[in-house]
Amino acid sequence: QVHLVESGGGLVQTGGSLRLSCAASGSIFTINAMRWHRQAPGKQRELVAAITSDGSTNYVDSVKGRFTISRDNARNTVDLQMNSLKPEDTAFYYCNWNLGWGGGLDIDYWGRGTQVTVSS
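The rules we used
- Residues numbered from 1 in each chain as written.
- Predicted model: local features only at pLDDT ≥ 70, side-chain atom pairs only at ≥ 80, totals over all residues.
- Heavy atoms only, no water.
- Pairing = 2+ DSSP bridges.
- Helix = DSSP H or I, 4+ residues; strand = E, 2+ residues; numbered from the N terminus.
- Axes fitted to C-alpha atoms, helices over the stretch in contact; angles between N-to-C directions.
- Disulfide = S-S within 2.5 Å.
- Buried < 20%, exposed > 50% of the residue type's maximum accessible area, 1.4 Å probe, protein only.
- Phe/Tyr/Trp six-rings, centres within 6.5 Å; stacked < 30°, edge-to-face > 60°.
- Lys NZ or Arg CZ within 6 Å of the ring centre and 35° of its normal.
- Contact = heavy atoms within 4.5 Å.
- Polar contact = N/O pair within 3.5 Å; in protein donor to acceptor, adjacent residues only side chain to side chain.

*Asks:* It is not clear to me how the sheet that holds strand β7 (residues 67–72) should be interpreted in this structure. Could you clarify?
*Replies:* Working definition: the strands of a sheet are paired by backbone hydrogen bonds and lie parallel or antiparallel to each other. What the four strands build is an open sheet, ordered β1-β3-β8-β7; its pairing is antiparallel. The sheet terminates laterally at β1 (3–7) and β7, the two strands that pair on one side only. Strand-to-strand twist across the sheet, computed as the mean angle between neighbouring axes with direction ignored, equals 15°. In terms of strand pairing, β1 meets strand β3 (residues 18–25) through five bridges, oriented antiparallel. Following the sheet pairing, Ser-7 is matched in β3 by Ser-21.

*Asks:* I keep staring at the state of the cysteines and nothing clicks. Help me out?
*Replies:* Among covalent bonds in proteins, the disulfide is the one between the sulfur atoms of two cysteines. Tallied over the entire structure, the rule returns one disulfide. Linked covalently through their sulfurs, Cys-22 and Cys-95 form a disulfide whose S-S length is 1.9 Å. Of the two residues, Cys-22 sits in strand β3 while Cys-95 sits in strand β9 (residues 91–100), which places them 73 residues apart along the sequence. A relative accessible area of 0% places Cys-95 in the buried class.

*Asks:* Help me understand the packing of aromatic side chains, please; the structure alone is not making it clear to me.
*Replies:* A ring pair, where both rings are aromatic, is described by two values, the distance of the centres and the angle of the planes. Under the counting rule described, the total for this entry stands at two aromatic pairs. Ring plane angle 70° and centroid distance 6.5 Å describe the contact between Trp-101 and Tyr-109, whose orientation is recorded as edge-to-face. What makes Tyr-109 buried here is its relative accessible area of 15%. One residue, Arg-45, lies across the ring of Tyr-94, its end atom 4.0 Å from the ring centre. Over the ring of Trp-110 we find Arg-45, and its NZ or CZ is 4.7 Å from the ring centre.

*Asks:* Which parts of the structure should I look at to understand the environment of Ile-28?
*Replies:* Inspection of the secondary structure assignment puts Ile-28 in the loop between β3 and β4 (30–39). You can call Ile-28 partly exposed: its relative accessible area is 24%. Each C-alpha atom of the pair Ile-28 and Arg-112 lies 19 Å from the other, and the pair is 84 residues apart in sequence. What Ile-28 contacts, discounting residues up to four positions off in sequence, is Val-2, Asn-76, Trp-97, Leu-99 and Trp-101.

*Asks:* Even after reading the chapter, I still don't get the environment of Asp-106, so can you show me in this structure?
*Replies:* Along the polypeptide, Asp-106 turns up in strand β10 (residues 106–110). Residues Asp-106 and Asn-32, 74 residues apart in the sequence, show an inter-C-alpha distance of 8.3 Å. Setting aside its immediate chain neighbours within four residues, Asp-106 contacts Asn-32, Asn-98, Leu-99, Gly-100 and Trp-101. At a separation of 3.2 Å, a polar atom in the side chain of Asp-106 contacts the side chain of Asn-32.

Keep in mind these numbers describe shape, not what the thing actually does.
Below, the structure is given as structure tokens:
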């Protein structure tokens, strides 16, 4: 069984920075992609950033130039560095990994999330 645990959320003022981290426990065969999503109250969950097995990254337009996703393959972690935070970044942030188990079996795993609150 694979478990993902996020850390690093909290309260920060506008313009501040936070670094989220997501660590996995359990046996992992292949990591296809690691992603960060967020969901603000009353809004749908959105994909914020993703990094694939070859290191390619993509971001939602609203965070480009401010957020950076990175991975540490040795430690099986993925981080999200968030700079120049805005009140509209306030949300519950979730990490999500797509893992491959061979034979075309790919499964999404989710963490329980961490709250990020940006005060104006």
